[in-house]
There are 2 protein chains.
Amino acid sequence: MSKKSEHILITGAGGFIGQALVSALLQSDSSTNITMTDVSVPPIPSQVENYKSQITATAIDLTNSEDANKLLAGKFDVYYLLHGIMSSGSEANLELGYRVNLDSHRFILDYLREHQQGAKVVFPSSLAVFGPVSRQDEVVSETTMPFPQSSYGTQKFMIECLINDYSRRGLVDGRSVRLPTVIVRPGKPTAAASSFASGIVRESLAGVRNTLPVRSDLDMWVGSPDIVVQNLVLVKNIPKERFGIHRTVCLPGQTVSVQQILEALERVGGKEKRNLVIEERDPVIEKIVESWPSRLDTNRAFTLGMHKDISLTEIVQNFAERHVK
Amino acid sequence: MSKKSEHILITGAGGFIGQALVSALLQSDSSTNITMTDVSVPPIPSQVENYKSQITATAIDLTNSEDANKLLAGKFDVYYLLHGIMSSGSEANLELGYRVNLDSHRFILDYLREHQQGAKVVFPSSLAVFGPVSRQDEVVSETTMPFPQSSYGTQKFMIECLINDYSRRGLVDGRSVRLPTVIVRPGKPTAAASSFASGIVRESLAGVRNTLPVRSDLDMWVGSPDIVVQNLVLVKNIPKERFGIHRTVCLPGQTVSVQQILEALERVGGKEKRNLVIEERDPVIEKIVESWPSRLDTNRAFTLGMHKDISLTEIVQNFAERHVK
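Here is a short report on the structure shown in this document. Since the model is a prediction, treat every value here as computed from it, not as a measurement.

## Topic: the packing of aromatic side chains
With the rule as written, the count across this model stands at 5 aromatic pairs over all chains. Consider the rings of Phe157 of chain A and Phe157 of chain B, whose centres lie 5.5 Å apart with planes at 85°: the pair is edge-to-face. In this pair, Phe157 of chain A is assigned in helix α5 (residues 151-168) and Phe157 of chain B in helix α5 (residues 151-168), connecting two distinct chains. Side by side, Phe157 of chain A and Phe157 of chain B carry an identical accessibility label, which is buried.

Structure representation (structure tokens):
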């Protein structure tokens with residue numbers, strides 16, 4: 001018996017994770033059809049050029065309900081809701097953050113419960129839901145009460161709650177996954193407080209001097225793009241009964257000190273690259289990063305069959321192979 | 001120096017708690033002006049007949065944004081948002097529950113952050129935010145992650161999150177208080193699973209045979225109307241700085257077994273009244289009540305200066321004095 005190919009929607013598909021997810025979904029099942037949307041037409045990743053006929057890429061503003069309705073009428077098998085305003089943006093523009101990160105997601109969930117009851121939804125949440133830890137070695141998990149200290153974290157957490165309620169009632173079949181700080185991100189440095197965690201590898205390997213704004217013995221909870229994306233693919237196939245009384249899962253990742261990232265950089269790029277990182281502590285950034293949990297208990301994810309992260313050296317190696325000429 | 005009298009808005013003021021709150025606010029400060037609203041004109045409690053000139057009672061549908069705007073333009077000193085659809089209603093009518101318990105509250109909070117930044121808001125949340133406990137002796141508090149198993153609990157919890165975020169940003173000055181199961185409620189039995197907890201006292205004292213649907217050694221987390229309402233008055237006066245990184249407080253209450261309620265009934269009403277309670281176990285209700293947390297750590301409330309509950313005998317005695325002819 002042949003399985004019917006899935007048609008998958010990815011919103012926010014122009015972003016780093018969205019692009020990687022397109023490739024990973026096709027790698028996992030080459031018959032998959034994918035509709036990619038973003039505020040401007042998202043590029044089709046070069047790795048999946050051969051599957052162009054299965055991919056549709058369109059620009060759509062999901063805060064426009066008429067456009068959203070038109071898109072959703074396509075009746076997809078899985079909805080990956082990757083669109084959103086990032087943390088610094090949500091903090092800078094309250095209305096925009098709530099409109100995109102809360103209202104547009106609620107709109108989609110309401111559309112689905114009305115027109116496609118039980119639709120499968122994958123929602124990327126974040127480490128940012130957690131409030132400050134009292135000690136750097138505090139271990140958090142899905143059973144830790146989050147006290148988000150950002151509007152971004154609040155919005156993500158509120159949608160987790162809504163997905164739990166709608167899933168409990170069988171109105172949608174939601175899965176919320178809390179992403180670690182993903183390293184190594186390609187591209188330019190960003191305004192995010194965590195930007196340096198990718199930057200110290202990316203800029204250094206590119207031969208560019210760069211700044212480390214925190215002390216090197218600081219711990220962080222990070223995850224490789226490869227495993228985060230593999231787990232995003234995997235989560236859609238977990239039987240819904242296995243989630244129990246809620247649908248939130250902290251994705252696997254790893255606790256690393258900044259020093260360990262620097263060591264991995266040196267192993268892959270040599271001392272010369274390592275020396276391009278200049279320590280110049282910024283107490284504001286250091287305080288933010290210190291307040292993030294760096295130790296997560298991800299047993300729930302493993303019980304659900306999710307993959308363990310690869311080593312830090314492999315992470316840096318993979319980045320070097322793909323993004324450094 | 002004379003303090004300016006406060007003008008306080010109470011929505012949902014026709015309910016049991018709203019009515020008691022009007023009296024308690026005037027008892028705490030007789031110069032207070034109060035605007036009471038509900039979907040139909042709420043009655044002015046007979047105990048405060050003398051203060052009629054300070055009280056306005058109007059009917060308003062807060063899901064109608066034009067009417068809500070007109071009401072809120074009154075610029076109150078404190079907003080008690082007591083309106084809502086109860087748990088069974090929110091479970092039976094999803095749209096209505098979200099419209100009233102989530103959207104109308106968000107509308108008010110958004111109005112306030114735009115037109116009266118920093119306005120003081122008191123929001124009654126509930127024990128219903130908590131999910132099922134794994135053991136009856138599990139202790140929960142504000143740091144316990146809630147996994148609400150009802151849309152009502154979800155909606156209450158989502159507004160707690162929004163109030164935390166808006167308060168963190170100084171947009172409103174919110175205080176969310178999680179109420180225990182309030183006993184003894186006057187009036188008729190309701191469809192709530194907890195209805196019997198008031199019913200076994202109220203009906204028996206009125207000489208009416210009534211049913212106890214759960215085993216008598218079951219524990220519950222209850223609170224007296226007197227102390228719940230006194231703490232609702234008190235919470236508006238706590239300096240906002242004292243709340244720390246979030247604005248949620250579990251109100252004081254007490255763990256009592258159903259047997260202890262029956263004993264208090266017998267102490268106040270005699271054996272004859274006690275014998276009007278017929279044990280007739282209903283496994284559905286028993287299962288629901290068993291899943292509720294019955295032990296709360298309310299140290300945060302006490303640290304903020306809140307009152308400890310009175311004894312169960314006093315609770316039953318007070319009810320008998322006020323409501324039994």
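Continuing now.
## Some remarks on the relation of the copies chain A and chain B
You can overlay chain A on chain B at an RMSD of 0.0 Å; the transform is a turn of 180° with a shift of 0.0 Å along its axis. Within this description, the copies of the chain are treated as partners about a two-fold rotation axis. No C-alpha of chain A lies nearer the rotation axis than that of Met145 of chain A, which sits 2.0 Å from it. Both copies share a contact surface, since 100% of the interface residues of chain A are interface residues in chain B too.

## Examining helix α4 (residues 94-115) of chain A
With 22 residues, α4 of chain A extends 30 Å between its outermost C-alpha atoms, agreeing within 8% with the 32 Å of an ideal straight helix rising 1.5 Å per residue. If you look at α4 of chain A, its biggest bend is around 30°, right at Asp103 of chain A.

## A few points about the pairing of strand β4 (residues 78-81) of chain A
In regular strands, side chains alternate between the two faces of the sheet. All names here are of chain A. Here β4 shows no split at all, with Val78 and Tyr80 on one side and Tyr79 and Leu81 on the other all buried. Pairing analysis gives 4 bridges linking strand β1 (residues 7-11) to β4, with the strands arranged parallel. What sits directly across from Ile10, in β4, is Tyr80. The pairing of β4 with strand β5 (residues 119-126) spans 3 bridges and is classified as parallel.

## With respect to unusual backbone geometry
Residues and elements named next belong to chain A. Along the chain, Ile183 connects to Val184 via a cis peptide bond; the corresponding omega equals 5°. Position of Val184 among the secondary structure elements: in the loop between β8 (181-182) and α6 (195-205). Look at Lys75: it is not a glycine, yet its phi comes out positive at around 50°.

## What to know about the interface of chain A and chain B
Listed by partner, the interface residues are 32 residues for chain A and 32 residues for chain B. When the two sides are added together, the surface that chain A and chain B hide from each other amounts to roughly 2900 Å², 58% of it contributed by carbon and sulfur. Remark: the boundary between chain A and chain B carries 8 salt bridges. One salt bridge in this structure joins Glu91 of chain A and Arg169 of chain B, with 3.9 Å as the shortest N-O distance. Taken together, chain A and chain B are joined by 24 residue pairs in polar contact (both at pLDDT 80 or more). Going through the elements one at a time, α3 (87-92), α4 and α5 of chain A are the ones with two or more residues in the side of chain A that touches chain B. The element best represented in the side of chain A that touches chain B is α5 of chain A, accounting for 9 residues. When the residues that make up the side of chain A that touches chain B are grouped by side-chain class, the tally is 15 nonpolar, 8 polar and 9 charged.

## Regarding the sheet that holds strand β4 (residues 78-81) of chain B
Strands in a sheet are paired, the pairing made by backbone hydrogen bonds, and the direction either parallel or antiparallel. All names here are of chain B. Read across the sheet, 7 strands follow the order β3-β2-β1-β4-β5-β7-β11 without closing on themselves; strand pairing throughout is parallel. Each edge of the sheet is formed by a strand with only one pairing partner; in this case those strands are β3 (55-59) and β11 (248-250). Strand-to-strand, the axes of this sheet are offset by a mean angle of 20°, without reference to chain direction. In terms of strand pairing, strand β1 (residues 7-11) meets strand β2 (residues 33-38) through 4 bridges, oriented parallel. From the neighbouring strand, Ile10 faces β2, where its bridge partner is Met36. Helix α7 (residues 225-235) contacts β4, β5 (119-126) and β7 (172-179) of the sheet and is inclined by roughly 165° relative to β7.

## Focus: the state of the cysteines
Summed over the entire model, instances satisfying the criterion amount to 0 disulfides over all chains. We note that Cys250 of chain A lacks a disulfide partner, and the nearest cysteine sulfur, in Cys161 of chain A, lies 14 Å from it. Free of any disulfide, Cys161 of chain B has its nearest cysteine sulfur in Cys161 of chain A, 5.2 Å distant.

## Let's talk about the nonpolar core
Membership of the largest hydrophobic core comes to 76 residues, with the highest contact counts inside it found for Tyr79 of chain A together with Tyr79 of chain B. Leave out the neighbours within four places in its chain, and Tyr79 of chain A touches Leu9, Leu72, Leu112, Gln116, Ala119, Lys120, Val121 and Val122 of chain A.

## What to know about the pairing of β5 of chain A
Residues and elements named next belong to chain A. With 7 of 8 residues buried, β5 is to be regarded as a mostly interior element. With 8 bridges joining them, β5 and strand β7 (residues 172-179) adopt parallel strand pairing. Among the inter-strand pairings, Ser126 is bridged to a residue of β7, identified as Leu179.

## A short note on the side chain of Ser125 of chain A
Residue and element names in this part refer to chain A. One can find Ser125 in strand β5. Take Ser125: its relative accessible area is 3%, and that puts it in the buried class. Discounting chain neighbours no more than four positions away, the residues touching Ser125 are Lys156, Glu160, Val177, Arg178 and Leu179.

Conventions adopted
- Residues numbered from 1 in each chain as written.
- Chains lettered and ligands numbered in written order.
- Predicted model: local features only at pLDDT ≥ 70, side-chain atom pairs only at ≥ 80, totals over all residues.
- Heavy atoms only, no water.
- Phe/Tyr/Trp six-rings, centres within 6.5 Å; stacked < 30°, edge-to-face > 60°.
- Helix = DSSP H or I, 4+ residues; strand = E, 2+ residues; numbered from the N terminus.
- Buried < 20%, exposed > 50% of the residue type's maximum accessible area, 1.4 Å probe, protein only.
- Least-squares fit on C-alpha atoms with pLDDT ≥ 70 in both.
- Contact = heavy atoms within 4.5 Å.
- Expected span 1.5 Å × (residues − 1).
- Bend = angle between axes of the 7 residues up to and from the residue.
- Pairing = 2+ DSSP bridges.
- Buried area = accessible area lost by both parts, 1.4 Å probe.
- Salt bridge = Lys/Arg side-chain N within 4 Å of Asp/Glu carboxyl O.
- Polar contact = N/O pair within 3.5 Å; in protein donor to acceptor, adjacent residues only side chain to side chain.
- Nonpolar A, V, L, I, M, F, W, Y, C, P; charged D, E, K, R; others polar.
- Axes fitted to C-alpha atoms, helices over the stretch in contact; angles between N-to-C directions.
- Disulfide = S-S within 2.5 Å.
- Core = buried A, V, L, I, M, F, W, Y, C linked by side-chain atoms within 4.5 Å.

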